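# Tertiary structure, described
Read off the chains here:
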Amino acid sequence: MKKISLLILPLVLALVVGMIGGAYGRVGHWLYANVTDLEASLYGFEQRAVDIGEMKLALYSNNNPGKPVIVMLHGYSADKDVWPRFAKHFVDDYQVIIPDMAGHGDTGFDASWDYSMPAQAKRLAALLDKLDIAQAHVIGNSMGGFLTATFAIAYPQRTLSATMVDPAGVMSPEPSDMFKMLNQGHNPFLIHNRAEFDSFYAMTMAQPPFLPGMVLEAMSDKYIERRSELEKIFADFHSSDYLEEKLADLKAPAMLWWGDKDRLLHVSSVSVWEAGVPQLKTHIFNGIGHMPMVEVASEAADLYRDFLQQVPAQIAAE
């Protein structure tokens, strides 16, 4: 209860200040920028930036040296803040690394950077090198799931397991709502106004956690501000070769999750992954959308822990 109180107190204070001072928008932006960091710190995560040469990758990590490592990867347009409520379940038994990949979050954007999946996989390998981590379990959502599979295929001796959560990376037999929109020339991630943001946000989760209206307003403003950056990242990300012909090369113990109400990436993609990845374990979340680790964090964490307990703690080097 103490941790919950510590988390709610700044929210209440900020809301009161906002109402008194008429600073609704400023308070919303402050909450959006800071409260998730506070919450992560309550779970035992520290923020840091790691210089990998090309850039400094911002990340959350807990202090648990010598324990098996889990790397958690966010999706396109998201950042590391989507993971802490799921990740808190692993801080005692694992070293957890949650990076903001290039172009996202506190790592920032540079128009000269390559945002394709092979480039992002090389950066992830460089991050592990800098942290002196030889092998890791990798779990990623959406674009992060695409990156998880790309990394596992490119770096098999570094991948203890690969878990893809509603991943991009294959062509679904049935088009999602998002792909129908893309085929009509509209990218729902490229936001011009609050109405477009509300429509987009409704596509991301079937059971989203509560967020104050002022925070949603701040999120909308951020998407509008980042529209040109997200357009560049999207172009690079979607220039990456799809994985259908490479899935058989994913040899690490692998799990696939999908929300059956996902509107961004259609659940019919499961059949493609199952046909391609040997011995893939699959779980479909009923009534859940694109982000099970946010929508049902505790349930997803239990499922992931059960999976990890069946995976060897290390693999032999070549």
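Each chain carries its own residue numbering, running from 1 in the direction its sequence is written. The model is predicted, so local features are restricted to residues of pLDDT at least 70 and side-chain atom pairs to those at 80 or more, both for listing and for counting; the totals for chains, interfaces and linings are taken over all residues. Working from all heavy atoms in the structure, the side-chain values ignore hydrogens and water.

Stacked, edge-to-face and tilted labels apply to pairs of Phe, Tyr and Trp rings (six-membered ring for Trp) whose centres lie within 6.5 Å, assigned for plane angles under 30 degrees, over 60, and everything in between, in that order. If you walk through the whole model with that rule in mind, you get 24 aromatic pairs. Ring centres of Phe 197 and Tyr 201 lie 5.7 Å apart, and the angle between their planes is 20°; this geometry places the pair in the stacked category. Of the two residues, Phe 197 and Tyr 201 both sit in helix H7 (residues 194–204), 4 residues apart, roughly one turn of that helix. A simple rule labels every residue: compare its accessible area, found with a 1.4 Å probe on the protein chains alone, to the largest value its type can have, and call it buried under 20%, exposed over 50%, or partly exposed in between. A relative accessible area of 1% places Phe 197 in the buried class. Judged by relative accessible area, which is 16%, Tyr 201 ranks as buried. The secondary structure listing takes helices from DSSP runs of H or I that are at least 4 residues long and strands from runs of E that are at least 2 residues long, numbered from the N terminus.

The next point concerns the sheet that holds strand E6 (residues 159–165). Paired strands, in this sense, are two strands between which DSSP finds at least two bridges. Within the open sheet, the 8 strands sit side by side as E1-E2-E4-E3-E5-E6-E7-E8. Their pairing is mixed. Whereas interior strands pair on both sides, the edge strands pair on one side only; in this sheet they are strand E1 (46–51) and strand E8 (281–285). Each strand of the sheet is rotated relative to its neighbour by a mean of 20°, with strand direction disregarded. As judged from the 4 bridges shared by strand E3 (residues 69–73) and strand E5 (residues 136–141), these two strands associate in the parallel manner. Note on E5: the bridge partner recorded for Met 72 is Ile 139. What makes two residues a contact is simply this: any of their non-hydrogen atoms within 4.5 Å. All axes here are fitted lines through C-alpha atoms, helices being fitted over the stretch that makes contact, and every angle between N-to-C directions spans 0 to 180 degrees. Lying over the sheet, helix H5 (residues 143–154) contacts E3, E5 and E6, oriented at roughly 145° with respect to E5.

The subject of this paragraph is the packing of helix H4 (residues 117–130) against H5. Viewed as axis vectors pointing N to C, H4 and H5 meet at an angle of 70°, and their least axial separation amounts to 9 Å. Judged by the inter-axis angle, H4 sits roughly perpendicular to H5. In this structure, H4 contributes Met 117, Pro 118, Gln 120, Ala 121, Leu 124, Ala 125 and Leu 128 to the contact, and H5 contributes Met 143, Phe 146, Leu 147, Thr 150 and Phe 151. For this classification, the nonpolar set comprises Ala, Val, Leu, Ile, Met, Phe, Trp, Tyr, Cys and Pro, the charged set comprises Asp, Glu, Lys and Arg, and every other residue, Gly included, is treated as polar. Of the residues in the contact of H4 with H5, the class split is 10 nonpolar, 2 polar and no charged. Note on terminology: angles under 35 degrees are roughly parallel, angles over 145 are roughly antiparallel, angles of 65 to 115 are roughly perpendicular, and the others are oblique.

Counting through the fold element by element, Asp 166 comes out in the loop between E6 and helix H6 (177–183). Neither His nor the chain ends is counted toward charge; the positive residues are Lys and Arg and the negative residues Asp and Glu. Any carboxyl oxygen of Asp or Glu within 4 Å of a side-chain nitrogen of Lys or Arg constitutes a salt bridge here. Here Asp 166 sits buried without a salt bridge, and the closest side chain of opposite charge, Arg 263, lies 12 Å off (N-O distance). Think of a polar contact as two N or O atoms within 3.5 Å of one another; within protein, one of them needs to be a possible hydrogen donor and the other a possible acceptor, and neighboring residues in sequence only count if both atoms come from side chains. Within polar-contact distance, the side chain of Asp 166 engages the backbone nitrogen of Gly 259 at 3.1 Å. Apart from the residues lying within four places of it in its own chain, the contact partners of Asp 166 are Asn 141, Ser 142, Trp 257, Trp 258, Gly 259, Asp 262, Leu 265, Gly 289, His 290 and Pro 292.

A complete count under the given rule lists 12 salt bridges for this structure. Among the salt bridges present, the one from Arg 158 reaches Asp 129, with a minimum N-O distance of 2.7 Å. In this pair, Arg 158 sits in the loop between H5 and E6 while Asp 129 sits in helix H4, placing the two residues 29 residues apart along the sequence. In this structure Arg 158 comes out as buried when scored by relative accessible area, which is 15%. Note that Arg 263 is salt-bridged to Asp 177, the shortest N-O span being 2.8 Å. You can see Arg 263 sitting in the loop between strand E7 (254–259) and helix H10 (269–276) and its partner Asp 177 sitting in helix H6, a full 86 residues away along the chain. Residue classification places Asp 177 among the partly exposed positions, given a relative accessible area of 28%. Several salt bridges converge on common partners, so that one network encompasses Lys 80, Asp 100 and Asp 106.

In this section: the nonpolar core. In globular proteins that are soluble, nonpolar side chains generally tend to be buried together. Counting residues in hydrophobic clusters, the biggest one holds 101 residues, and the most contacted among them are Met 72, Phe 86, Phe 90, Leu 250, Trp 257 and Trp 273. Non-local contacts of Trp 257, meaning those with residues more than four positions away in its chain, are made with Phe 86, Ile 139, Thr 163, Met 164, Val 165, Asp 166, Pro 167, His 283, Phe 285, Ala 300, Leu 303 and Tyr 304. Only buried residues count toward a nonpolar core, which is a set of Ala, Val, Leu, Ile, Met, Phe, Trp, Tyr and Cys residues joined through side-chain atoms within 4.5 Å.

What follows deals with the confidence of the model for the protein chain. Confidence scores per residue from the predictor, reported as pLDDT, run from 0 to 100. Per-residue confidence for the protein chain averages 90 on the pLDDT scale, and 89% of its residues sit at or above 70. Every residue in residues 1–22 is under pLDDT 50, and counting partners more than four places away or in other chains gives 19 contacts.

This part is about the pairing of E6. Extensive coverage of E6 is indicated by the burial of 7 of its 7 residues. Note on handedness: a clockwise path from strand one over the helix to strand two, with the strands aimed away from the viewer, defines a right-handed crossover. With respect to chirality, the unit in which E5 leads through H5 into the neighbouring parallel E6 is right-handed. In this sheet, E7 lies alongside E6 in parallel orientation, the contact comprising 4 bridges. Among the inter-strand pairings, Thr 163 is bridged to a residue of E7, identified as Met 255.

Let us now look at the side chain of Asp 79. Mapped onto the secondary structure, Asp 79 falls in the loop between E3 and helix H3 (84–87). We note that Asp 79 is buried and unpaired, the nearest opposite charge coming from Lys 80 at a distance of 6.2 Å. Those residues in contact with Asp 79 that lie beyond four places of it in its chain are His 74, Asp 100 and Gly 105.

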